[in-house]
Amino acid sequence: MNKKHWRIVVAGEGGQGVQLIGEILAESAFRAGKEAIYIPNFGVEQRGGVSIAMVQIAEQALGAPKFEKADILVPLSERAVERTLAYIKRDTFYIYEASAIAPPQLLDATVGIQAWETVAPEAFSLAVGSKPQAPSRPPADMGLMPDRTIGIPAAEIARAELKPRVFNIIILGAILAASGVLSLAMVQEGMLAKLGDKLRRDPELKQLNLRALDRGWAYVTEAVRRETNR
Amino acid sequence: MTNVIEAEQRSFMTGNEVVAWAALAAGAEFMYGYPITPQNEIMHYWTRLAPKFKRGFLQTEDELSAGFATLGGVMAGRKSFCATAGPGNVLMQEPISMAEMMRIPAVWFIQQRGGPSTATVIYSQQETRLTCLGGNGEGNRLVYSTASHQEVFDYAIKAFNNAWNYRFPTFVLGDGYQAKMREAVTLYDPAQRGIELHGTSRMLGRSSKQLDGQQVRHYRNTFNIEEELYETLMQHIADWDHMAEEVVEWAWEGDEEPDLLLVAHGVVSRAVYAAYEHLKSAGYNVAYFRPITLRPFPVAALQRAAGRCRQLLVAESAYGQLLSLVRDSLYGKTCAPIEGLLRPGLGITEELVVEWAQRLLARVG
Amino acid sequence: MERIHDHDPAMPASWNRATKPHRFCPGCGHGIFLKALGEVIDELGIAERTVFGCDIGCSLLAWDFLNVDSVQTHHGRTVPVVVGAKRANPELIVIAYMGDGGGYAIGAQHLVNSAMRNEKITVLLANNTVYAMTGGQMAPTTLPGQTTGTTPYGRDPDATGQPTLGPEMVAAITSNSAYVARGSVSNYPRLKQYVRQALENQLAGRGFSFVEALSGCPTNWHTNAKQTWSYLDDEMTKYFTLGEFKTPGQAEGGEDK
């Protein structure tokens with residue numbers, strides 16, 4: 001896949017690690033010699049606890065930091081699905097979190113109007129508690145191509161096979177497998193650069209992150225293969 | 001002074017971080033600041049970097065104090081700067097007025113946020129008028145409106161140099177997007193690009209080394225009679241006009257007799273330029289104009305660009321602040337209608353500009 | 001016949017002779033306060049590296065009073081300007097000269113916070129209980145019952161508060177390396193001694209120094225010479241205690257020593 005200009009929206013709850021997905025994508029693209037813009041938490045959808053990362057990746061110089069339609073849209077909670085509907089177009093790669101467990105949500109009122117400036121502490125978010133939910137898939141009438149809509153139960157995979165904290169890295173792997181926006185190798189390098197200090201201090205954590213990236217990649221690759229063979 | 005950037009370096013960072021590096025590279029010696037979003041990280045990065053290069057920082061009690069302390073730092077002979085946004089920019093107009101009256105070459109970085117009042121901490125272009133013409137004077141200042149991280153770096157160096165060269169308060173006008181987003185930038189040592197950094201001189205405090213025998217200096221901004229003030233101001237205005245000819249900057253591209261001339265400044269010019277390219281490749285007869293200095297405004301250049309256009313579209317994240325500068329510049333020079341795509345406090349996308357442009361182009365088509 | 005003008009009157013070397021006689025009203029206290037400052041600058045031999053900042057209000061009339069580098073700023077903003085200069089160039093000796101309005105009202109946050117930060121600056125504040133340049137309105141230091149342009153029936157403390165006690169406040173919030181005193185233009189030797197100690201504190205690099213001087217304003221008080229001195233000595237001192245409130249390394253006091 002050799003698309004010229006990728007517009008990517010990742011949205012989710014505070015504590016899901018949405019911004020890190022955006023940062024790693026942009027950093028990886030930059031390191032791979034591409035043009036990239038990452039911009040956190042802007043746009044009308046951003047209210048209360050929903051965190052949005054907007055990324056653009058291209059071979060040529062980039063224009064405005066904001067855009068209207070996404071080539072890749074990754075809503076990671078029920079609320080994020082609702083608030084990013086406007087970014088969907090017919091050929092959007094739609095990657096959603098398909099676990100049956102909802103991420104803890106911070107209420108708008110709890111967060112306050114300027115709280116996006118300070119990232120909500122994960123513990124604060126987790127303290128609110130989880131509850132069951134339906135997977136955050138898009139409404140049936142959005143007109144997406146079936147092979148461009150992929151659900152991944154990343155929260156459940158993280159809990160069962162890895163650690164809850166690498167949920168977002170599983171999603172990152174899924175994004176790469178579904179869209180081909182960047183190669184797995186590029187993002188491995190970008191991730192290690194971005195998390196450099198943390199991972200150097202903790203080799204176990206480094207392995208955990210690399211496995212999470214692979215796991216997300218493998219899950220989606222397998223799902224696409226099954227879909228194609230059906 | 002320690003070399004800040006040893007070798008040219010391509011980096012991926014936020015705009016606020018770029019400002020800190022640019023100020024270092026430009027030879028800034030002191031920052032005075034007060035927290036306000038979205039410029040805070042300028043202070044964060046500066047306070048991390050400054051001690052390594054023997055530069056100073058003071059966090060003051062408010063923006064008034066930060067602004068006036070910046071003037072004190074400059075008067076004491078140090079390249080000093082300040083950064084602010086929104087309501088902080090409103091307060092800073094007081095020290096900026098004094099800088100205009102006393103010709104104090106202080107540099108400000110403005111990261112525009114939503115207004116009026118506290119509004120949003122996110123983004124706008126609503127401080128265009130304030131930054132160009134705030135204070136109780138004639139707007140004797142120099143304002144660069146940047147659109148990318150590379151420009152933030154380049155124009156920051158230019159801002160310090162031109163401030164000390166022409167001795168007017170000088171601004172790098174950014175916004176919340178430019179402050180917070182990450183993109184690539186090439187950091188460089190100005191000397192390696194052949195850019196000479198302007199030297200400093202003390203306005204206050206005779207140093208036995210430097211200024212022996214120099215007369216005592218008395219600076220004031222109070223005048224007793226109308227004529228005394230008038231003469232002083234007219235001298236400043238003449239100096240400013242002279243500077244204007246030398247520093248005015250703009251970008252212009254496209255047909256000389258376009259069906260539509262697109263005009264924008266700052267980060268919005270990126271959306272507008274992308275829209276211009278899109279429209280051009282779709283076969284439309286369009287042109288693009290971007291003032292880079294907002295003060296002085298590139299009046300003559302805009303008149304040339306607009307002289308034979310059939311209509312204009314001015315896009316901005318404010319409600320007519322750039323539009324009024326454009327109208328003032330073109331008064332009596334064109335009969336072309338001037339439309340405004342005005343989105344106060346809201347980002348503008350390429351898609352939106354294209355949509356508006358196509359509607360206007362259909363009108364003349 | 002020999003005229004008095006043929007002889008230069010005695011004045012400190014750090015005074016700017018070209019601007020004398022000065023612009024203050026007859027009977028104004030500023031000239032006395034600035035004489036003390038001028039003599040101390042001479043005695044300490046610091047004219048070359050002194051920066052004199054003056055405020056808005058009558059203090060601005062001192063913008064070219066001294067033969068030292070000077071800057072006249074905005075109302076209340078002299079403190080941050082000299083703070084900025086001192087931080088940028090610590091070898092300078094910086095003085096912020098202002099009235100009670102500039103120090104205790106519009107610039108109060110700068111006085112408080114520069115004192116809290118123990119800035120190595122000297123603040124000299126003339127307290128004449130009125131906004132004099134603007135026509136005699138109520139100031140933070142106006143005495144209870146005192147009539148001014150905006151308290152035509154006398155200052156009512158219930159509605160407008162008690163006179164601001166500046167040195168007491170500054171003494172309470174500064175570190176032990178600060179110097180804080182209140183003198184009066186009616187006791188010149190004592191006032192000059194305070195100004196000297198304030199500047200010596202800055203010279204030694206110890207910390208913040210602050211001197212308030214009770215000062216007369218016959219123009220806005222509508223008083224003759226005798227009444228002016230009487231108001232200064234008898235009325236103002238009922239509210240404003242004279243003396244040193246803090247000397248470096250010592251606990252705060254308040255009595256005339």
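It should be emphasised that the depicted structure is a prediction, and the values quoted were computed from it without experimental measurement.

The next point concerns helix H12 (residues 350-364) of chain B. Its 15 residues place the ends of H12(B) 21 Å apart at the C-alpha level, agreeing with the 21 Å of an ideal helix rising 1.5 Å per residue. Inspection of H12(B) places Glu350(B), Leu352(B), Val353(B), Val354(B), Trp356(B), Ala357(B), Leu360(B), Leu361(B) and Val364(B) among the buried residues, and these make up the whole buried set. For H12(B), the elements touching its buried residues are strand E1 (5-13) of chain A together with strand E11 (260-263), helix H9 (268-281), strand E12 (286-291), strand E14 (312-316) and strand E15 (338-342) of chain B.

Take the interface of chain B and chain A next. With 27 residues of chain B in contact, the opposing surface of chain A contributes 26 residues. For the pair chain B and chain A, the summed buried area comes to about 2200 Å², and 61% of that belongs to carbon and sulfur atoms. Among the residues of chain B in contact with chain A, Phe12(B), Tyr177(B) and Arg182(B) are the three that bury the most area, contributing 28% of the side total. For the pair chain B and chain A, the interface holds three salt bridges. A salt bridge links Arg7(A) to Glu350(B); the nearest nitrogen and oxygen atoms lie 3.8 Å apart. Across the chain B-chain A interface, the total number found is seven residue pairs in polar contact (both at pLDDT 80 or more). Considered class by class, the residues forming the side of chain B that touches chain A number 11 nonpolar, seven polar and nine charged. Alignment of strand E2 (residues 35-40) of chain A against strand E8 (residues 182-187) of chain B, held across two bridges, turns out to be antiparallel. Bridge pairing links Tyr38(A) to Arg182(B) in E8(B).

Our next topic: the pattern of salt bridges. Taken as a whole and assessed by the stated rule, the structure comprises 40 salt bridges over all chains. Where Arg193(B) meets Glu8(B), a salt bridge forms, and the shortest distance between an N and an O atom there is 3.1 Å. Here the residue Arg193(B) occupies a position in the loop between E8 and strand E9 (218-219), and Glu8(B) occupies one in the segment before strand E1 (9-14), the gap between them amounting to 185 residues. The residue Glu41(B) makes a salt bridge to Lys180(B) at a minimum N-O spacing of 2.9 Å. In this pair, Glu41(B) is assigned in helix H2 (residues 40-49) and Lys180(B) in helix H7 (residues 176-180), connecting sequence segments 139 residues apart. When sorted by exposure, Glu41(B) lands in the same class as Lys180(B), which is buried. Taken together, the shared-partner salt bridges in this structure form one network comprising Glu39(C), Glu43(C), Lys192(C), Arg196(C) and Glu200(C).

Before going further, it helps to spend a moment on the side chain of Thr37(B). Residue and element names in this part refer to chain B. With respect to the helices, strands and loops of the structure, threonine 37 is situated in the loop between strand E2 (30-33) and H2. Given a relative accessible area of 11%, threonine 37 falls into the buried group. A distance of 3.1 Å separates polar atoms of two side chains, one belonging to threonine 37 and the other to asparagine 40.

Let us look at the sheet that holds E15(B). Residues and elements named next belong to chain B. Spatial ordering of the open sheet is given by E10-E12-E11-E14-E15, a layout of five strands whose pairing is mixed. If you trace the sheet from one side to the other, it starts and ends with strand E10 (250-254) and E15, each paired once. Ignoring strand direction, the axes of neighbouring strands in this sheet form an average angle of 15 degrees. Where E11 meets E14, three bridges bridge the pair, whose relative direction is parallel. When the sheet's bridge partners are listed, leucine 262 is paired in E14 with leucine 313. Contacting E10, E11, E12 and E14, H9 runs over the sheet at an angle of about 165 degrees to E12. Strands in contact with H12 are E11, E12, E14 and E15; relative to E15, the strand with the most contacts, it is inclined by about 160 degrees.

A word on the packing of aromatic side chains. The full count for this structure, using the stated rule, is 22 aromatic pairs over all chains. Between Tyr273(B) and Tyr288(B) the ring centres are 4.9 Å apart and the planes differ by 70 degrees, which places this aromatic pair in the edge-to-face class. Of the two residues, Tyr273(B) is situated in helix H9 and Tyr288(B) in strand E12; the sequence distance between them amounts to 15 residues. One residue, Lys20(C), lies across the ring of Phe65(C), its end atom 3.9 Å from the ring centre.

All names here are of chain C. Relative to the 21 Å expected for 15 residues at 1.5 Å per residue, helix H1 (residues 30-44) spans 21 Å between its end C-alpha atoms, a close match to the ideal helical length. All of the buried residues along H1 are His30, Gly31, Phe33, Leu34, Ala36, Leu37, Gly38, Glu39, Val40 and Ile41. Among the residues trailing H1, glycine 45 stands out with phi positive, at a value near 65 degrees.

Right, let's get into the pairing of strand E6 (residues 142-145) of chain B. Residue and element names in this part refer to chain B. What you see with E6 is no split at all: Leu142 and Tyr144 on one side and Val143 and Ser145 on the other are buried throughout. Alignment of E6 against strand E7 (residues 170-175), held across four bridges, turns out to be parallel. Looking at the pairing, valine 143 lines up with phenylalanine 171 of E7. As a crossover connection, the stretch from E6 through helix H6 (residues 149-166) into E7 is right-handed.

All names here are of chain B. Judged by nonpolar contacts, the single largest core of 119 residues is most densely connected at Phe81, Phe109, Phe153 and Leu261. Domain assignment of the residues forming this core places at least three in each of domain 1 (9-193) and domain 2 (250-364). Those residues in contact with leucine 261 that lie beyond four places of it in its chain are Ala287, Tyr288, Phe289, Leu302, Ala305, Ala306, Cys309, Gln311, Leu312 and Leu313.

A separate point is the packing of H9(B) against H12(B). Residue and element names in this part refer to chain B. Put simply, H9 and H12 touch, their axes get as near as 8 Å, and they point 50 degrees apart. Regarding the angle of H9 to H12, the classification is oblique. Classified by chirality, the crossing of H12 by H9 is right-handed. Between H9, through Ala271, Val272, Ala274, Ala275, His278 and Leu279, and H12, the contact on the second element is made entirely by Glu350, Val353, Val354, Ala357, Gln358 and Leu361. Residue composition of the contact of H9 with H12, by class: nine nonpolar, two polar and one charged.

Glancing now at the interface of chain B and chain C. Listed by partner, the interface residues are 34 residues for chain B and 34 residues for chain C. Between chain B and chain C, roughly 2800 Å² of surface is buried when both sides are summed, and carbon and sulfur atoms account for 54% of that area. Three residues stand out in chain B for area buried against chain C, namely Glu61(B), Arg206(B) and His218(B), and they jointly supply 24% of the buried area on that side. With its nearest N and O atoms 2.7 Å apart, the salt bridge here joins Glu91(C) to Arg202(B). Taken together, chain B and chain C are joined by 18 residue pairs in polar contact (both at pLDDT 80 or more).

Residue and element names in this part refer to chain B. The contact between helix H3 (residues 63-75) and helix H4 (residues 86-102) brings their axes to 7 Å, and the two run at 25 degrees. Accordingly, the angle class assigned to the pair H3 and H4 is roughly parallel. Of the two elements, H3 crosses H4, and the hand of that crossing is right-handed. Within the contact between the two elements, H3 uses Glu63, Leu64, Ala66, Gly67, Phe68, Leu71 and Met75 and H4 uses Gly88, Leu91, Met92, Glu94, Pro95, Met98, Ala99 and Met102.

Rules behind the numbers
- Residues numbered from 1 in each chain as written.
- Chains lettered and ligands numbered in written order.
- Predicted model: local features only at pLDDT ≥ 70, side-chain atom pairs only at ≥ 80, totals over all residues.
- Heavy atoms only, no water.
- Helix = DSSP H or I, 4+ residues; strand = E, 2+ residues; numbered from the N terminus.
- Expected span 1.5 Å × (residues − 1).
- Buried < 20%, exposed > 50% of the residue type's maximum accessible area, 1.4 Å probe, protein only.
- Contact = heavy atoms within 4.5 Å.
- Buried area = accessible area lost by both parts, 1.4 Å probe.
- Salt bridge = Lys/Arg side-chain N within 4 Å of Asp/Glu carboxyl O.
- Polar contact = N/O pair within 3.5 Å; in protein donor to acceptor, adjacent residues only side chain to side chain.
- Nonpolar A, V, L, I, M, F, W, Y, C, P; charged D, E, K, R; others polar.
- Pairing = 2+ DSSP bridges.
- Axes fitted to C-alpha atoms, helices over the stretch in contact; angles between N-to-C directions.
- Phe/Tyr/Trp six-rings, centres within 6.5 Å; stacked < 30°, edge-to-face > 60°.
- Lys NZ or Arg CZ within 6 Å of the ring centre and 35° of its normal.
- Right-handed = clockwise from strand over helix to strand, strands pointing away.
- Core = buried A, V, L, I, M, F, W, Y, C linked by side-chain atoms within 4.5 Å.
- Domains from an automatic or database assignment.
- Parallel < 35°, antiparallel > 145°, perpendicular 65-115°, else oblique.
- Left-handed = near helix turned anticlockwise from the far one by under 90°.

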